[in-house]
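Remarks on the overall topology
These are the residues of each chain, in order.
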Amino acid sequence: MTAPPLYEAPRADAPPGPRTPTRPADPRWARPGLLLLLAVTAALYLWDLGASGYANSFYSAAVQAGSESWKAFFFGSSDAANSITVDKPPAALWPMGLSVKLFGLGAWQILVPEALMGVASVGVLYAAVRRRFGAGAGLLAGAVLAVTPVAALMFRFNNPDALLCLLMVCAIACVLRALEEARTKWLVLAGVCFGFAFLVKTLQAWLILPPLALVYLLCAPTTVRRRIGQTLLAGLALIASAGWWVAIVELWPASSRPYIGGSQNNSFLELTFGYNGLGRINGNETGSVGGGGGGRGGGGGGWGETGITRLFSSDMGGQISWLLPAAFLLLIAGLVVLWRARRAKDAVAATDAVAAADDLAAQQRNAFWVWGGALLMTFVTFSFMSGIFHQHYNIALAPYIAALVGMGAAVLWQRRQQVAATSVLALTVAVTAVWSYVLLDRSASWLPWLRWTVLVGGLFAAVALAVLGRGQERAGRRLAVGAAGLGLATSLAGPVAYTLNTVTTPHTGSIITAGPSVSGGMGGPGGMGRPGGMGGGKGGPPGMPGGQNGQNGQNGQQGQQGQGQNGQSQNGRQGGPGGMGMPPGTNPGGGNGNQGGQGNQGGQQGNGSQKGNGARNGFPGFGGTGGGERGGMRGGGGMGGLLNGAQVSDKVKAELLADADQYTWVAASIGSQNAASYQLATEKPVMAIGGFNGSDPSPTLKQFQQYVKEGKIHYFLGGGMGGPGGNSGTSSKITSWVSKNYQKVTVGSTTLYDLTSPKK
């Protein structure tokens, strides 16, 4: 059987101009292989998707609001009455909002668009890699992306990262097409992708712009002057596709639009360059949880140690780094192999196959530069940024790693008759096996046989590749293929196992992780201990609004339950973080008591440092929140359902719905997560005071008092999560004013304040 050619010689009568390298001819199994890959990916991402419920209720509430109000849809408001927006641009909400508008509110309606984005990402990545390296490389790249644990996590969740990942893959695919013939339309399309991606997650979308622009300016097969002009035109397309929405928001009268969540001055530009921009790099994030203190201890403050090994750490490694060493090795190997490739010239094409091979090699080299540049830029930024950094951000790296693995493996396999090529392949398999063993050993009690199987099988495959990989006879080729297949299986066994654990585990809340719990994880802000004995961090800042006389709950030891005093959870749902200091029965975990609910599988002692006192409680650390239960389900492998909203009882729901149409907001609550739970339960607007963190100055006390005077708000929900505003913060002022002036109403275990019944 003869292998398909990598290129075809151009016709002798080919017209002058940039020469398009003919992509590798597809074998017969290519199309069935693609269909199988997409079908398996779809099944993986759709499996039991509704088990996660509303996933991140913060975004789900905004989706519900957008399905009720086109104004809320456009701005990305947290509620249909448009009090405040989410702390991101709204583009990621739009597909989910349209789905809910068409099919009604529900978990599947919200999450299916995210899963389909995952399938589309795999398909586009396959096409981009296949075009230059063949169907086998494309299938390998697509499969690697599909089974990357953090990708499986986020393509089944409703954070903005799913759409951002898809748009980044599309943008790179367009840049690579532009590099083939210096076609302006493809570069402009790339600019449109980047512009729309800005409306998903602001400046993170432009993180890989510098390396991509540099590669095009240096390598496009046209004149320098034309390259510069094309790049500027693509920049204009980028600005137009992102700027239209920004211009409307900035020019719209602030009094008739929602407050821009995450900003301190009601400005989207401030949000873009502050909290969601440079603040993520230097840690100076005014308005974030414990924010505004840039340069906190340890380099990354409450978000882990910064440095070149950050993404290999206990917290991050299992999410993304399984094939990261392999990607780096294959990037270097691919560039070395292809360094002789020449850029296509603006001249009549040569008539021999060698010239066509040079052109194809040049495009392959450009692909390594593009995907490799994107990987390196993202890797360095994530490794050293001092601001908020969650594990799920690592999905941004997944397509870059997958592409480099597919491309690098294909380039070396095609040259396996060379000792250097088989040696690098063998080294890559061996390094991946050893690193997989290290990652699996961090969850020593979870599938203990797997780490030894991967290690032994991977090392055996590496030796076999080195010895048998150059076999030329039929039997030798079969042995080489067998060794390669074993190496591939052992390399993917770890991420596949993590991914299967991820898709069979419901995930809710704002901080989620893929895979099982691991040892040695960091404590997050305010003492979030990962399950399985990881130490909690420092306590949170003082002065958070909350309940009465809250005290610090204790975290459970490894493998045990952590339970705050009088904080027993009900119905198997995770209780609130120990020591939140919420009013009785109103903590986010839905526990029934003054001092925080229970957190299953809590970390080692992670006690907060402040005690609550009356209506202005301290905000002790988030202790023991990992691996909790929600509705009888695990909150997620690792962090669990941190910062999730409250469980709303039928009695509370009925109370809020009584005469609901007479009010603009049926209730108001400190913080978006708590407000979101009640809004999703009632499908009526609930005002999120202070936005996501409870720290935004919206509404002011004066504005809130005016709303109450006009009869626009029925209830104030006690126990919402307050932000780091201290006693002078807007949230604390509103909480104090309400508790002093309005009647308390207890419904079951939940405390409400009736804003239509002043105290006498």
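Along each chain, numbering runs from 1 in the same order as the chain's sequence is written. Owing to the predicted nature of the model, reporting of local features is limited to residues with pLDDT of at least 70; listing and counting of side-chain atom pairs is limited to 80 or more, with chain, interface and lining totals taken over all residues. By convention in this description, side-chain values take in all heavy atoms of the structure and omit both hydrogens and water.

1. What about the overall build of the chain?
Operational definition: Under the scheme used here, helices are H or I runs from DSSP no shorter than 4 residues and strands are E runs no shorter than 2 residues, and both carry numbers assigned from the N terminus. Between buried and exposed lies partly exposed: a residue is buried under 20% and exposed over 50% of the maximum accessible area for its type, with that area taken using a 1.4 Å probe on protein chains only. Contacts are assigned to residue pairs that have any heavy atoms within 4.5 Å of one another. To measure how exposed things are, a 1.4 Å probe is used in the Shrake-Rupley method; for residues, cover is taken only from the protein chains shown.
Of regular secondary structure, the chain possesses 23 helices and nine strands. Going through the 760 residues of the chain one by one, you find that 62% of them count as buried. Within the chain, contacts between residues separated by at least 24 positions form 73% of all contacts whose residues are at least 6 apart in sequence. For the chain, the computed accessible surface area is about 27300 Å², with 60% contributed by carbon and sulfur atoms.

2. Structural notes on helix 9 (residues 184-201)
This is how it is decided: Expected helix span is given by 1.5 Å per residue-to-residue step, counting one fewer step than there are residues.
Here helix 9 spans 26 Å end to end across 18 residues, near enough to the 26 Å set by a 1.5 Å rise per residue. For helix 9, the secondary structure elements touched by its buried residues are helix 8 (161-181), helix 10 (209-219), helix 11 (224-251) and helix 12 (268-282).

3. Some remarks on the pattern of salt bridges
Note the cut-off: Take a side-chain nitrogen of Lys or Arg and a carboxyl oxygen of Asp or Glu: if they are within 4 Å of each other, that pair is a salt bridge.
Using the criterion set out here, one finds ten salt bridges in the structure. Here Lys 684 makes a salt bridge to Asp 661, at a shortest N to O gap of 3.1 Å. Pair noted here: Lys 684 is in the loop between helix 21 (672-682) and strand 6 (686-689) and Asp 661 is in the loop between helix 20 (650-657) and strand 5 (665-670), with a separation of 23 residues, a long-range link. A relative accessible area of 69% places Asp 661 in the exposed class. Overlapping salt bridges, with partners in common, bring together Arg 131, Arg 132, Arg 177 and Glu 180 in one network.

4. Some details on the packing of aromatic side chains
Our working rule: Between the rings of Phe, Tyr and Trp (Trp by its six-membered ring), a pair exists once the centres lie within 6.5 Å; its type follows the angle of the planes, with under 30 degrees stacked, over 60 edge-to-face, and the other angles tilted.
Throughout the structure, instances matching the rule amount to 29 aromatic pairs. For the ring pair Trp 70 and Phe 73, a centre distance of 5.2 Å and an interplane angle of 75° mean the geometry is edge-to-face. Taken together, the positions of Trp 70 and Phe 73, both in helix 3 (residues 70-75) and three residues apart, correspond to about one turn of that helix. Take Trp 70: its relative accessible area is 52%, and that puts it in the exposed class. Where Phe 75 meets Trp 252, the ring centres are 5.0 Å apart and the plane angle is 80°; that geometry is what we call edge-to-face. On the criterion of sequence distance, the pair formed by Phe 75 in helix 3 and Trp 252 in the loop between helix 11 and helix 12 is long-range, its members being 177 residues apart. Residue classification places Phe 75 among the buried positions, given a relative accessible area of 2%. Grouping aromatic residues by their ring pairs yields a cluster made of Trp 70, Phe 73, Phe 74, Phe 75, Trp 94, Phe 196, Phe 198, Trp 206, Trp 244, Trp 245, Trp 252 and Phe 268.

5. Remarks on helix 4 (residues 93-103)
Restricting attention to buried positions, one finds in helix 4 the residues Leu 93, Trp 94, Met 96, Gly 97, Ser 99 and Val 100. As for helix 4, its buried residues are in contact with helix 2 (57-68), helix 3, helix 5 (107-133), helix 9 and helix 11. Just beyond helix 4, the residue with positive phi is Gly 104, at close to 95°.

6. Remarks on the environment of Val 652
Looking at the element boundaries, Val 652 is found in helix 20. A relative accessible area of 0% places Val 652 in the buried class. For Val 652 and Thr 746, which are 94 residues apart along the polypeptide, the C-alpha to C-alpha distance reads 9.2 Å.

7. Details of unusual backbone geometry
With the exception of glycine, most residues fall at negative phi, and the peptide bonds are largely trans. In this model, Ser 698 is joined to Pro 699 through a cis peptide bond whose omega is -10°. The topology assignment puts Pro 699 in the loop between strand 6 and helix 22 (701-709). With phi around 50°, Asp 48 is a residue other than glycine that occupies positive phi space. Along the polypeptide, Asp 48 turns up in the loop between helix 1 (30-46) and helix 2. Residue classification places Asp 48 among the partly exposed residues on the basis of a relative accessible area of 45%. Positive phi, normally seen in glycine, also occurs at Asp 659, with a value near 60°. By the element assignment, Asp 659 lies in the loop between helix 20 and strand 5.

8. Some thoughts on the side chain of Ser 77
On the secondary structure map, Ser 77 appears in the loop between helix 3 and helix 4. For Ser 77, a relative accessible area of 0% puts it in the buried group. Excluding its chain neighbours within four sequence positions, the residues that come into contact with Ser 77 are Ala 62, Ala 65, Ala 72, Asn 82, Ile 84, Thr 85 and Pro 258.

9. Topic: a nonpolar patch on the surface
Here is the rule we go by: Patch construction takes residues with relative accessible area above 30% that form no salt bridge. Like charges are linked within 9 Å, and nonpolar side chains (Val, Leu, Ile, Met, Phe, Trp, Tyr) are linked within 5 Å.
Taken together, the side chains of Leu 217, Val 224, Ile 228 and Leu 232 make up a nonpolar region of the molecular surface, amounting to roughly 350 Å² of accessible area. Of all the elements, helix 11 adds the most residues to the nonpolar patch, at three residues. As for its position among the elements, Val 224 is in helix 11.

10. Some details on the packing of helix 1 against helix 6 (residues 135-146)
This is how the line gets drawn: Only C-alpha atoms enter the line fits that serve as axes; for helices the fit covers just the stretch in contact. Angles between N-to-C directions range over 0 to 180 degrees. Put simply, angles under 35 degrees are roughly parallel, angles over 145 are roughly antiparallel, angles from 65 to 115 are roughly perpendicular, and the rest are oblique. Polar here means any residue outside two lists: the nonpolar Ala, Val, Leu, Ile, Met, Phe, Trp, Tyr, Cys and Pro, and the charged Asp, Glu, Lys and Arg; Gly therefore counts as polar.
Where helix 1 meets helix 6, the closest approach of the two axes is 10 Å, and the angle between their N-to-C directions is 5°. Classified by the angle their axes make, helix 1 and helix 6 are roughly parallel. Two secondary-structure elements touch here, helix 1 through Ala 30, Gly 33, Leu 34, Leu 37, Thr 41, Leu 44 and Tyr 45 and helix 6 through Ala 135, Leu 139, Gly 142, Ala 143, Leu 145 and Ala 146. Among the residues making up the contact of helix 1 with helix 6, the classes are represented as ten nonpolar, three polar and no charged.

11. What about the sheet that holds strand 9 (residues 750-758)?
Cut-off, in case you're wondering: Should DSSP find at least two bridges between two strands, the strands are regarded as paired.
One open sheet holds the five strands; their spatial order is 6-5-7-9-8, and the pairing between them is mixed. The strands lining the two open edges of the sheet, one partner per strand, are strand 6 and strand 8 (742-747). Each neighbouring strand pair of the sheet contributes to a mean axis angle of 30°, computed without reference to strand direction. In terms of strand pairing, strand 8 meets strand 9 through six bridges, oriented antiparallel. Of the residues in strand 9, the one forming a bridge with Lys 744 is Tyr 753. Strands in contact with helix 20 are strand 5, strand 7 (713-717), strand 8 and strand 9; relative to strand 8, the strand with the most contacts, it is inclined by about 140°.

12. Looking at the pairing of strand 9
Where a strand is regular, its side chains alternate between the two sheet faces. When strand 7 meets strand 9, the two strands line up antiparallel, connected through three bridges. Across the sheet, residue Phe 716 finds its bridge partner in strand 9, namely Tyr 753. Between strand 8 and strand 9, which follow one another and run antiparallel, lie two residues, and Gly 748 among them has a positive phi close to 60°.

13. Focus: the environment of Pro 258
Tracing the backbone shows Pro 258 in the loop between helix 11 and helix 12. Residue Pro 258 is classed as buried on the basis of its relative accessible area, which comes to 0%. Here the alpha-carbon distance between Pro 258 and Thr 85, two residues 173 residues apart in the chain, equals 6.2 Å. Pro 258 has contacts with Lys 71, Phe 75, Ser 77, Asn 82, Ser 83, Ile 84, Thr 85 and Asn 266, leaving out every residue within four places of it along the chain.

14. Details of the packing of helix 14 (residues 324-337) against helix 17 (residues 419-441)
Basically, it comes down to this: Here a crossing is taken to be left-handed if its near helix is turned anticlockwise relative to the far helix by less than a right angle, and right-handed if that turn runs clockwise.
Close contact between helix 14 and helix 17 brings their axes to 9 Å; oriented N to C, the two are set at 165°. Viewed along their axes, helix 14 and helix 17 adopt a mutual orientation that is roughly antiparallel. Crossing geometry of helix 14 relative to helix 17 is assigned as right-handed. Residues Pro 325, Ala 326, Leu 329, Leu 330 and Ala 333 of helix 14 form the contact with helix 17, whose own contacting residues are Val 424, Leu 427, Thr 428, Val 431, Thr 432 and Trp 435. A breakdown of the residues in the contact of helix 14 with helix 17 according to their chemical character gives nine nonpolar, two polar and no charged.

15. Here we look at the state of the cysteines
Selection rule: Cysteine sulfur atoms are paired as a disulfide whenever they come within 2.5 Å of each other.
Overall, the coordinates contain zero disulfides when judged by the stated rule. Cys 170 forms no disulfide, and the closest cysteine sulfur to it belongs to Cys 193, at a distance of 5.3 Å. Summary of cysteine pairing: Cys 193 is not part of a disulfide, and the nearest cysteine sulfur, belonging to Cys 174, is at 4.6 Å.

16. A few points about the confidence of the model for the chain
Formally: A residue's pLDDT is the predictor's confidence in that residue, given on a scale from 0 to 100.
Considering every residue of the chain, the mean pLDDT works out to 80; 74% of them sit at 70 or more. Low confidence marks residues 722-728, where pLDDT is under 50. Its contacts with residues over four positions away, or in another chain, come to 26 contacts.

17. A few points about the environment of Ala 402
Within the secondary structure, Ala 402 sits in helix 16 (residues 398-414). Overall, Ala 402 belongs to the buried group, its relative accessible area being 0%. Spatially, the C-alpha atoms of Ala 402 and Leu 323 are 8.2 Å apart, while their sequence positions differ by 79 residues. Those residues within four positions of Ala 402 in sequence are excluded, and the remaining contacts are Leu 125, Ala 141, Val 144 and Leu 145.

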